[in-house]
Amino acid sequence: QVQLVESGGGLVQAGGSLRLSCAASGGTFSRYGVGWFRQAPGKEREFVAAINWSGGSTLYADSVKGRFTISRDNAKNTVYLQMNSLKPEDTAVYYCAADKTAWGNTRRYSYLYDYWGQGTQVTVSS
């Protein structure tokens, strides 16, 4: 069983930056794919970015491509989401999730993920 804890959210002005962290404990996290998802009020959860177990493959939603960067440090059991050039439409609760059957792939569908964190709020003011 893997436990995931997100941190790093907060309030930032448009154009600013934040770095989210997803710290894992238990299980073999270093072998899992990891994704970031977000959910804004009144909207469905949407895919943001994913990274495979080695960090050698990444995938981004079109809405964040070029602004967000996902990375991981398996020695620290942590995955990061660097968010630059933030926009008000990036406001949401951000969740990280671990995909134990990714087998080196990066996947965008939330139903494929096995473990979820509790989320961290990101608010971007205009």
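In case you missed it, the structure is sitting above this.
Everything in this summary refers to the structure shown in the same document. Along each chain, the written sequence defines residue order, and numbers are assigned to residues from 1. Thresholds applied to this predicted model are a pLDDT of at least 70 for local features of residues and 80 or more for the giving and counting of side-chain atom pairs; totals over whole chains, interfaces and linings are not thresholded and use all residues. Where side-chain values are given, they derive from all heavy atoms of the structure, hydrogens and water being excluded.

### Concerning the environment of Thr58
- Here a helix means four or more residues in a row that DSSP labels H or I, a strand means two or more in a row labelled E, and each is numbered from the N terminus. In this fold, Thr58 is placed in strand β6 (residues 58-60).
- Given the relative accessible area of 36%, Thr58 is considered partly exposed.
- Measuring from C-alpha to C-alpha, the distance between Thr58 and Gly33 comes to 9.7 Å, with 25 residues separating the pair along the chain.
- When sequence neighbours within four positions are dropped, the list of residues in contact with Thr58 reads Ala50, Ile51, Ile70 and Thr106. Only protein chains enter the accessibility calculation, which uses a 1.4 Å probe; a residue whose area is less than 20% of its type maximum is buried, one above 50% is exposed, and one in between is partly exposed. Residue contacts follow a heavy-atom distance rule, with two residues in contact if any of their heavy atoms lie within 4.5 Å.

### Some remarks on the pairing of strand β7 (residues 68-73)
- By the alternation rule, side chains of β7 split into Phe68, Ile70 and Arg72, which are all buried, and Thr69, Ser71 and Asp73, of which none is buried.
- As paired elements, β7 and strand β8 (residues 78-83) share six bridges and run antiparallel to each other. Bridging across to β8, Ile70 finds its partner in Leu81.
- Any two strands with at least two DSSP-identified bridges between them are counted as paired. Here β7 folds back onto β8, and the loop between the two strands holds four residues, one of which, Asn77, carries a positive phi near 50 degrees.

### Description of the state of the cysteines
- The definition used for a disulfide is geometric: two cysteine sulfur atoms within 2.5 Å. Inspection of the entire model under this criterion finds one disulfide.
- Paired through a disulfide, Cys22 and Cys96 show a sulfur-sulfur distance of 2.1 Å. Of note, the bridge from Cys22 to Cys96 carries an S-S torsion of about 65 degrees and is right-handed in sense. On the criterion of sequence distance, the pair formed by Cys22 in strand β3 (residues 18-25) and Cys96 in strand β9 (residues 92-99) is long-range, its members being 74 residues apart.
- With a relative accessible area of 0%, Cys22 lands in the buried category.
- Since its relative accessible area comes to 0%, Cys96 is described here as buried.

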